Amino acid sequence: QSKNIIGYYVTVERIPNSCRDSPSRIFLEERKVLLNLSLAQYRVNISAYNEAGESPQAVYIVPHISATDLPGQIHVKPQGTNAVVTWTPEYNPKCFVVDWGTGKEDMRMKIVTTATQNFTLDDFQPYKLYKIIVHASDVCQCENFTRYEKTFGTTHFYSVEGVPRTGPTNVTILNIRKHSALVKWTEIAAEDCLGFLQGYRISYTDSSRKKSEPVRLSSSTTSYHLIGLKKKTIYRVQISGFTNTGEGPVTLSQPFSTLKYGTGSSV
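The chain appears in an unreviewed UniProt entry as SDK2 protein from Zapornia atra. Its UniProt record, at the heading Sequence similarities (unreviewed entry), says of the chain: "Belongs to the type I cytokine receptor family. Type 2 subfamily." Reading the Subcellular location (unreviewed entry) entry of the UniProt record for the chain gives the comment "Cell membrane".

As structure tokens, this is what we get:
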């Protein structure tokens, strides 16, 4: 039926959207449109029409996009279940639009029209990671945010940090030698960190229950080379994650035994 198509309707709706106005329609004859959007999330609805009427809509969600070259720095200070957000804008737009929440299904929008460099957001829950995005706009009418807002800055925030509720998963021991072994693991999931993960703490215990000195590793590390092990000895590796609040539970690996003889390598 494409030969009978007269054109297309495109609507672009901001998510979240506290404005009650319906998004305006764009009328197109071509099958493409260039959208200059902020880093908020958007819903794009596309339908075709001809003399007989309009087709069902195709829906595309434009996801949040991470960017490191935004002009503004945002600072957040907790105050109980509230948070005070401050920033230093390079210019004074007519208003700011703030998105905050724990994810794409839980985001809220606030319009700040006063000439201020701080404002308060409310109803934060402890141990949950929130994303806060601040956009600037020189046009403060709801129906125009999609066209005119520009993202000023973004940050992540915990109102109250806790310790990780679990340790890393899938701890495996590879390349076992006479005096060494390689430990690998899967990072702790973000929803289990309950705070900003600062790193991992790893140690090992031999069959005589002698424990090594723990080593602290960065949060981006997911492997560690154990050296100085005793030959023909059973070991068990212990790994935990830690935040600024403290250390989470220890994950124990399956026991492994170092080799009795070398394999031709230096270890």
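Now that the structure has been shown, we can carry on.
(A) The arrangement of the pattern of salt bridges in detail. The full count for this structure, using the stated rule, is 8 salt bridges. Between E149 and R14 there is a salt bridge whose closest N-O contact spans 3.1 Å. With E149 in the loop between α1 (145-148) and β12 (150-157) and R14 in strand β1 (residues 7-15), this residue pair connects regions lying 135 residues apart in the sequence. Looking at E149, the relative accessible area reads 2%, which means it is buried. On the accessibility criterion, R14 (3% relative accessible area) is buried. E54 serves as the salt-bridge partner of R25, at 2.8 Å between the closest nitrogen and oxygen. A residue pair is termed long-range when its members are at least 10 positions apart, and R25 in strand β2 (residues 25-28) and E54 in strand β4 (residues 53-54) qualify at 29 residues. For R25, a relative accessible area of 38% gives the class partly exposed.

(B) Summary view of the sheet that holds strand β13 (residues 169-174). As summarised here, the arrangement of the 3 strands in space is β13-β14-β17, forming an open sheet in which the pairing is antiparallel. What marks the edges here is a single partner per strand, and that holds for β13 and β17 (223-227). The sheet shows a mean angle of 20° between the axes of neighbouring strands, taken without regard to direction.

(C) Spotlight on the packing of aromatic side chains. Inspection of the entire model under this criterion finds 9 aromatic pairs. Ring centres of F124 and F157 lie 5.4 Å apart, and the angle between their planes is 85°; on these two criteria the pair is classed as edge-to-face. One end of the pair, F124, is in the loop between β10 (118-121) and β11 (130-137); the other, F157, is in strand β12, with 33 residues separating them in the sequence. Judged on exposure class, the residue F124 and its partner F157 are both buried.

(D) Looking closely at unusual backbone geometry. In this chain, I15 is followed by P16 through a cis amide linkage whose omega measures -5°. Relative to the assigned elements, P16 resides in the loop between β1 and β2. The phi torsion at D123 lies on the positive side, around 65°, for a residue other than glycine. With respect to the helices, strands and loops of the structure, D123 is situated in the loop between β10 and β11. Classification of D123 as partly exposed rests on a relative accessible area of 46%. Positive phi, normally seen in glycine, also occurs at N170, with a value near 55°. When you line up the elements, N170 lands in strand β13.

(E) Quick look at the nonpolar core. Residues V183, W185, V237, I239 and F256 are the most contacted members of the largest nonpolar core, which totals 18 residues. When residues of this core are traced back to their parent elements, those giving at least two are β13, β14 (180-186), β15 (199-206) and β18 (234-242). Among residues more than four places away in sequence, those in contact with V237 are I173, V183, I202, S203, Y204, L226, T251, L252, S253 and F256. L121, F124, F152 and F157 belong to the second largest nonpolar core, which has 17 residues in total.

(F) Up close: the confidence of the model for the chain. When pLDDT is averaged across the chain, the result is 86; 92% of the residues are at 70 or more. By mean pLDDT, α1 is the weakest element of the chain at 73, and strand β16 (residues 215-218) is the strongest at 96.

(G) Quick peek at the side chain of T151. Relative to the elements of secondary structure, T151 occurs in strand β12. For T151, a relative accessible area of 10% corresponds to the buried category. Of note is the side chain of T151, whose polar atom sits 2.7 Å from the backbone nitrogen of L39. A distance of 3.0 Å separates the side chain of T151 from the side chain of H135, its partner in a polar contact. Ignoring any residue separated from it by four or fewer positions in sequence, one finds T151 in contact with S38, L39, A40, L70, P71, I133, V134 and H135.

(H) How the structure looks around the side chain of S159. Positionally, S159 belongs in the loop between β12 and β13. Exposure remark for S159: the relative accessible area of 10% places this residue in the buried category. At a separation of 3.2 Å, a polar atom in the side chain of S159 contacts the main-chain carbonyl oxygen of Q125. Aside from chain neighbours lying at most four places away, what touches S159 is P78, G80, F124, Q125 and P126.

About the cut-offs
- Residues numbered from 1 in each chain as written.
- Predicted model: local features only at pLDDT ≥ 70, side-chain atom pairs only at ≥ 80, totals over all residues.
- Heavy atoms only, no water.
- UniProt positions renumbered as here; feature names shortened; annotations may be inferred.
- Salt bridge = Lys/Arg side-chain N within 4 Å of Asp/Glu carboxyl O.
- Helix = DSSP H or I, 4+ residues; strand = E, 2+ residues; numbered from the N terminus.
- Buried < 20%, exposed > 50% of the residue type's maximum accessible area, 1.4 Å probe, protein only.
- Pairing = 2+ DSSP bridges.
- Axes fitted to C-alpha atoms, helices over the stretch in contact; angles between N-to-C directions.
- Phe/Tyr/Trp six-rings, centres within 6.5 Å; stacked < 30°, edge-to-face > 60°.
- Core = buried A, V, L, I, M, F, W, Y, C linked by side-chain atoms within 4.5 Å.
- Contact = heavy atoms within 4.5 Å.
- pLDDT = per-residue confidence, 0-100.
- Polar contact = N/O pair within 3.5 Å; in protein donor to acceptor, adjacent residues only side chain to side chain.

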